[in-house]
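Fold and contact review
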Amino acid sequence: MVSDNPIGPPPWLNAPPVEPYPYEETYDLRKGPDLHPALLGLLPYVGLWRGRGRGGFPSIEDFDYAQEIRITHDGRPFLYYESRAWILDEQSRPVRPAGREVGWWRAVLDADGRGTDELEVLLTTPTGIMELHLGKVTGTRVEIATDAVVRTATAKEVTGGHRLYGIVEGALLYAQEMAAVGHPLSPHLSARLVRVGG
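First, a word on what this report is: a plain description of the structure on this page. It should be emphasised that the depicted structure is a prediction, and the values quoted were computed from it without experimental measurement.

Brief notes about the pattern of salt bridges
Considering all chains together, one arrives at 16 salt bridges under this definition. The salt bridge involving Arg76 is made with Asp74; its shortest N-O contact spans 2.7 Å. Across the pair Glu82 and Arg100 runs a salt bridge, and its minimum N-O distance is 3.4 Å. Linking Glu82 in strand S3 (residues 78-88) with Arg100 in strand S4 (residues 94-109), this pair joins segments that are 18 residues apart in sequence. With a relative accessible area of 18%, Glu82 lands in the buried category. Here Arg100 falls in the partly exposed class, since its relative accessible area comes to 42%. Here the salt bridges share partners, and the residues they tie into one network are Arg50, Glu68, Arg70 and Arg84.

Below is the structure:
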């Protein structure tokens, strides 16, 4: 019987399974690939961080939360960023899962491929919001603001954001402002996290 497809099946159709992902990604700068030179200004942020924060917004009551942030690299000129938070009660006991986000902190390279002090940050949440932030690295301070916000039809109306990160006495501190549901840019989250890995 002659096949209707003269090209034949693609070579991957019956190929054997592949091994696990072969490249290391790490938050521990003592092992794995070397940090890309364009990320040297962000070196203090690479690590596993945990801590506490306080949140609020004009349309919701204030709340206390705990958070874990993982910032890793694989030797290329970007960092992988992952954040998980959970609400705490008055006795600091977990109440329920809270915000999550994942994304990339991308070094902006000059014409010669060297890192600049500029940064592009892409963040996505499971609540249907994607944000593109632009910003700068100044010493151990990172300041970013939204250039674009995209959201699904069922997501909360978020229209803008501003974040300030800093490494202060070895801890990761940040403050986040948000414009949403008809309110202008307003304080939303702030926290202090300590390095627990890396």
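Quick word on the pairing of strand S9 (residues 171-180)
Burial within S9 is extensive, with seven of its 10 residues counted as buried. Judged from the 10 bridges that link them, strand S8 (residues 158-168) and S9 form a sheet pairing that is antiparallel. Paired with Val168 across the strands is Ala171, a residue of S9. Judged from the eight bridges that link them, S9 and strand S10 (residues 183-197) form a sheet pairing that is antiparallel. Its bridge partner lying in S10, Leu173 is registered against Arg192. The antiparallel hairpin formed by S9 and S10 contains two residues in its connecting segment, where Val181 sits at a positive phi of about 40 degrees.

How each quantity is defined
Residues numbered from 1 in each chain as written. Predicted model: local features only at pLDDT ≥ 70, side-chain atom pairs only at ≥ 80, totals over all residues. Heavy atoms only, no water. Salt bridge = Lys/Arg side-chain N within 4 Å of Asp/Glu carboxyl O. Helix = DSSP H or I, 4+ residues; strand = E, 2+ residues; numbered from the N terminus. Buried < 20%, exposed > 50% of the residue type's maximum accessible area, 1.4 Å probe, protein only. Pairing = 2+ DSSP bridges.

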